[in-house]
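Given next are the chains, with one letter for each unit.
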Amino acid sequence: IGAEVQTEGRGTHGRKWHTDEKGNIAFSFYEELNCPIEKVDGLTRQIADVIAEILKEQYGIMIDIKEPNDLMYHQKKIGGILTESRVHFNRVKFLVVGIGINTSQMQFAQEIQNVASSLQKECGVKIHREELITAFCNRWEQAMKRRIEK
């Protein structure tokens with residue numbers, strides 16, 4: 001599920017996540033699993049790694065990952081990942097993963113302008129939202145299969 005503009009997104013610790021302009025990435029996906037809980041250990045970091053690989057390969061952008069879930073560029077937050085799960089008797093029944101990436105936003109609220117930015121603002125690169133999301137989904141599907149089949 002994707003949004004053109006997100007106004008009521010949730011981040012960690014109850015923080016709000018929103019996009020002010022069209023063109024940023026704000027999407028969530030749901031995945032039914034029914035696997036042992038240890039199969040999802042380190043999942044958020046692996047999602048961040050996949051995003052970092054795609055940005056490097058397709059756009060030449062090197063981002064950093066601030067544990068556990070922040071995507072950073074030159075010490076400014078350009079995105080985040082929120083992973084939630086439902087566990088029953090030590091088995092993960094499903095995951096909901098939300099991913100937000102500031103790809104094109106140029107203005108930020110005064111209270112966050114020193115700590116948040118976008119890829120376009122920092123790198124001058126236009127990110128093709130659909131291409132990035134598609135590349136992520138294709139890689140993530142393969143990564144998840146490998147993770148579950150171990």
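Structure's up top.
So, a few notes on the structure that sits alongside this text. (Residues numbered from 1 in each chain as written. Predicted model: local features only at pLDDT ≥ 70, side-chain atom pairs only at ≥ 80, totals over all residues. Heavy atoms only, no water.)

Side note on the overall build of the protein
For step 1, the next point in the chain: Counting its secondary structure elements, the protein contains 3 helices and 7 strands.
For step 2, the next point in the chain: Among the 150 residues that make up the protein, the fraction classed as buried is 41%.
For step 3, the next point in the chain: Considering only intrachain contacts with a sequence separation of at least 6, the fraction spanning at least 24 residues in the protein is 61%. (Helix = DSSP H or I, 4+ residues; strand = E, 2+ residues; numbered from the N terminus. Buried < 20%, exposed > 50% of the residue type's maximum accessible area, 1.4 Å probe, protein only. Contact = heavy atoms within 4.5 Å.)

Describing the sheet that holds strand 5 (residues 70-73)
The pairing of strands in a sheet comes from backbone hydrogen bonds and takes either a parallel or an antiparallel form.
For step 1, the next point in the chain: Taken together, 5 strands build an open sheet; the order of strands is 3-7-6-5-4 and the sheet is antiparallel. The open sheet has two edge strands, strand 3 (25-36) and strand 4 (64-66), and neither has a second partner. The average angle at which neighbouring strand axes cross in this sheet is 20°, direction not considered.
For step 2, the next point in the chain: As defined by bridge partners, strand 3 adjoins strand 7 (residues 91-101) across 10 bridges and the pair is classed as antiparallel. (Pairing = 2+ DSSP bridges. Axes fitted to C-alpha atoms, helices over the stretch in contact; angles between N-to-C directions.)

So, the nonpolar core
Within soluble globular proteins, side chains that are nonpolar generally end up buried alongside one another.
For step 1, the next point in the chain: The biggest cluster of nonpolar side chains holds 35 residues, and the ones touching the most others in it are Ile99 and Phe136.
For step 2, the next point in the chain: The element that contributes the greatest number of residues to this core is helix 1 (residues 43-59), accounting for 9 residues.
For step 3, the next point in the chain: Among all residues touching phenylalanine 136, those that are not within four sequence positions of it are Phe27, Phe29, Ile47, Val50, Ile51, Ile54 and Ile99. (Core = buried A, V, L, I, M, F, W, Y, C linked by side-chain atoms within 4.5 Å.)

Details of helix 3 (residues 129-149)
For step 1, the next point in the chain: An ideal rise of 1.5 Å per residue puts 30 Å on 21 residues; helix 3 measures up with 30 Å between its terminal C-alpha atoms.
For step 2, the next point in the chain: Regarding helix 3, the residues found buried are Arg129, Leu132, Ala135, Phe136, Trp140, Ala143, Met144 and Arg147. All buried residues of helix 3 lie within an arc of 160° about the axis, which places them on one face of the element. Residues of helix 3 that are exposed and point over 90 degrees away from its buried face: Glu130, Arg146 and Glu149.
For step 3, the next point in the chain: Against the buried residues of helix 3 lie strand 3, helix 1 and strand 7. (Expected span 1.5 Å × (residues − 1). Arc of directions from axis to C-beta.)

Some words on the side chain of aspartate 70
For step 1, the next point in the chain: Its location among the elements puts aspartate 70 in strand 5.
For step 2, the next point in the chain: Of the residues examined, aspartate 70 reaches a relative accessible area of 12% and is grouped as buried.
For step 3, the next point in the chain: A polar contact is formed between the side chain of aspartate 70 and the side chain of lysine 77, at a distance of 2.9 Å.
For step 4, the next point in the chain: Once residues within four sequence positions are removed from consideration, aspartate 70 is found in contact with Asp64, Ile65, Lys77 and Gly79. (Polar contact = N/O pair within 3.5 Å; in protein donor to acceptor, adjacent residues only side chain to side chain.)

Quick notes on the pairing of strand 6 (residues 76-88)
For step 1, the next point in the chain: Of the pairings in the sheet, the one linking strand 5 to strand 6 comprises 4 bridges and is antiparallel in character. Looking at strand 6, one finds that leucine 71 is bridged to glycine 79.
For step 2, the next point in the chain: Connecting the antiparallel pair strand 5 and strand 6 is a turn made up of 2 residues, with histidine 74 showing a positive phi of about 50°.
For step 3, the next point in the chain: One ladder, built from 10 bridges, connects strand 6 with strand 7; its direction is antiparallel. If you follow glutamate 84 over to strand 7, its bridge partner there is valine 96.
For step 4, the next point in the chain: Hairpin connection from strand 6 to strand 7: 2 residues lie between these consecutive antiparallel strands, with phenylalanine 89 at a positive phi of about 50°.

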